[in-house]
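A look at the structure
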Amino acid sequence: MSDPRTHKAEAEFPWSALARSGPPKRPVAERVADFLEIYGLYDEATAQAQASRCIQCPEPTCVTGCPLGAHIPEWLALTAEGHFDEAATVLQSTGTLAELCERVCPADHLCEALCVINGHAQPVSVRAIEHFLNEYAFAHGTAALPPPPPNGYKVAIIGAGPGGLACADELARRGYAVTVFDSRKMPGGLLVYGTPAFRLEHAIVHRRIEQLEQRGVAFRMGADFAPDVLQAELLVRFDAVYLGFGLKKARTLDVPGADLKGVEQALPFLVQSDMDLPREAPVIDVTGQRVVVIGGGDMAIDCLRTAVRGHAKEVLGIYRRDEASMPCSRRELENAVEEGVRFEFQAAPVALLDDDSGAVRGLRLVRTTLGAPDADGRRPFAVAPGTEFELAADRVILALGFDPEPLPPTSPFNGPQLSAQGAMVVDDNQMTSLPGVFAGGDLVRGPSSALHSVRDARKAAAGIHAFLAAKR
Ligand code: SF4
């Protein structure tokens, strides 16, 4: 950067003359009063100008960084030229559930982190441009692909989460008659039952469900599966089956007091606090309370921001490493801080404290010290002796991630071979040991992100297509 020749070369690029600008964001006071999304859209001129910051790398590292291999430079170039219709068409026709994935994608760790402009200036605002294009597609009808002629084959999908919806989308585009089964009342899986509406409004998920229904996808919600349903029924009625439901076990805190009243797991807190979801259990009310959330991932940030919207008196995040080590999206971390969340870094709980009536009244913690990053870039931590301190809390929420949960022996979906760890074994096309039965997401890879579930589902849809084409 100190070489003047470099400065001269950089001056020729639009990104050096035009700073990155984020999409409009609702004021804090307004957004914490509801559960609606906080980001607005670029106007057309801004979308065009921001897209022009992309230099169209011949070997685009942004694409390498995208778990879904999105055609990023292609639709950025069309946007920079003002061809929004074409850009939106390319994005929607080459992406899978693009408007849903974009909203939950940690882009600042993926495509934007790998953008080559990084280090010279701020990266291209890939996610905000994608957001603009996705909404442009729905507003202008470019998202509504006509249904192809039916190809005569029927596929059952188990699980209406991101993987199941992605598989349905890919197969419906190829003319398959798809039926999606799920035991929940509403389709969407973790996109609805686990992602707060301020990050992904349920109406956006419903809009996609309606589009899938218009393409002929049938949803059977509230499904009650009989024992052996896979082999006794589904493989008889359908030509192929995709198992895309999630199984994972929330991690608990292994310290005294972890079972006190007022200690909650993250997922039930998110689901029961969401105003738009049918109530499946009593609401976890944090009004006027001091809420502490333990964890450093996106789910911890979601809980913190949900507690703010739930009228908590104080909201504090606890993380055992430093801020730079947090695995959460930087964007959502900044949003949480703007909304009044405070953090206590390099602090690890050693006990949750009882108020003598069996309810939590606080935490005892110790300070940690951090070592040099290991091969994966993670900094090991150690407890600093003699650093114990206490914090008051009326509610403690555990957002510690998930462990794999093997398929139980009584599952109606038993049959395919499982690994020693209980994961479903699949081939390169995501097909299990039972011909015609495909699987992906948590069942195969253990606890996984929505983006990885979508990637597996897309691969499985191609595998189902090849499998049934070979039978024709
Ligand atoms: Fe454009 Fe950045 Fe991707 Fe290069 S890495 S194609 S500059 S978005």
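The structure this text deals with has already been given above.
Residues numbered from 1 in each chain as written. Predicted model: local features only at pLDDT ≥ 70, side-chain atom pairs only at ≥ 80, totals over all residues. Heavy atoms only, no water.

**Things to note about the overall build of the protein chain**
Within the protein chain one finds 18 helices and 16 strands. In terms of its C-alpha atoms, the protein chain occupies a principal-axis envelope of roughly 70 × 70 × 45 Å. Among the 472 residues that make up the protein chain, the fraction classed as buried is 52%. Carbon and sulfur atoms form 54% of the exposed surface of the protein chain, whose accessible area is close to 20300 Å². (Helix = DSSP H or I, 4+ residues; strand = E, 2+ residues; numbered from the N terminus. Buried < 20%, exposed > 50% of the residue type's maximum accessible area, 1.4 Å probe, protein only. Areas by Shrake-Rupley, 256 points an atom, 1.4 Å probe, with all protein chains shown as cover.)

**Brief notes about the nonpolar core**
A general feature of soluble globular proteins is that nonpolar side chains tend to end up buried together. Ranked by size, the top nonpolar core spans 76 residues in total, and within it Ile 72, Trp 75, Ile 157, Leu 171 and Ile 464 carry the most contacts. Both domains that furnish three or more residues to this core are identified here as domain 1 (4–140) and domain 2 (154–248 + 403–469). Counting 25 residues, the second-largest nonpolar core is a separate cluster that includes Ile 284, Ala 312, Val 315 and Ala 399. (Core = buried A, V, L, I, M, F, W, Y, C linked by side-chain atoms within 4.5 Å. Domains from an automatic or database assignment.)

**Here's the deal with the packing of helix H4 (residues 44–51) against helix H10 (residues 126–139)**
The packing of two helices is summarised by the inter-axis angle and the distance between the axes. Two elements in contact, H4 and H10, have axes separated by 10 Å at closest approach and are oriented at 135 degrees. Comparing the axis directions of H4 and H10 gives the class oblique. Remark: the crossing between H4 and H10 carries left-handed chirality. Where H4 abuts H10, its residues Glu 44, Ala 47, Gln 50 and Ala 51 lie against Ile 129, Phe 132 and Tyr 136. (Axes fitted to C-alpha atoms, helices over the stretch in contact; angles between N-to-C directions. Parallel < 35°, antiparallel > 145°, perpendicular 65-115°, else oblique. Left-handed = near helix turned anticlockwise from the far one by under 90°. Contact = heavy atoms within 4.5 Å.)

**Describing the sheet that holds strand S14 (residues 395–398)**
With parallel pairing, 5 strands are arranged side by side in an open sheet as S6-S14-S7-S8-S9. Whereas interior strands pair on both sides, the edge strands pair on one side only; in this sheet they are strand S6 (263–265) and strand S9 (342–345). Strand-to-strand twist in this sheet, taken as the mean axis angle between neighbours without regard to direction, amounts to 25 degrees. Where S6 lies against S14, 3 bridges are found, and the strand directions are parallel. Its bridge partner being in S14, Glu 264 is matched across the sheet by Ile 397. In the packing of helix H14 (residues 266–273) onto the sheet, the strands contacted are S6 and S14, and the crossing angle to S6 comes to about 85 degrees. (Pairing = 2+ DSSP bridges.)

**Some thoughts on the side chain of Glu 99**
The residue Glu 99 is located in helix H8 (residues 98–104) in this model. At a separation of 2.8 Å, a polar atom in the side chain of Glu 99 contacts the side chain of Arg 208. The contacts of Glu 99, once residues within four sequence positions are left out, are Gln 92, Asn 134, Glu 135, Phe 138, Ile 204, Arg 207 and Arg 208. (Polar contact = N/O pair within 3.5 Å; in protein donor to acceptor, adjacent residues only side chain to side chain.)

**Things to note about the side chain of Asp 456**
Checked against the element boundaries, Asp 456 lands in helix H18 (residues 450–471). At a separation of 2.7 Å, a polar atom in the side chain of Asp 456 contacts the side chain of Arg 445. Excluding residues that lie within four positions of it along the chain, Asp 456 makes contacts with Tyr 242, Gln 430, Gly 440, Gly 441 and Arg 445.

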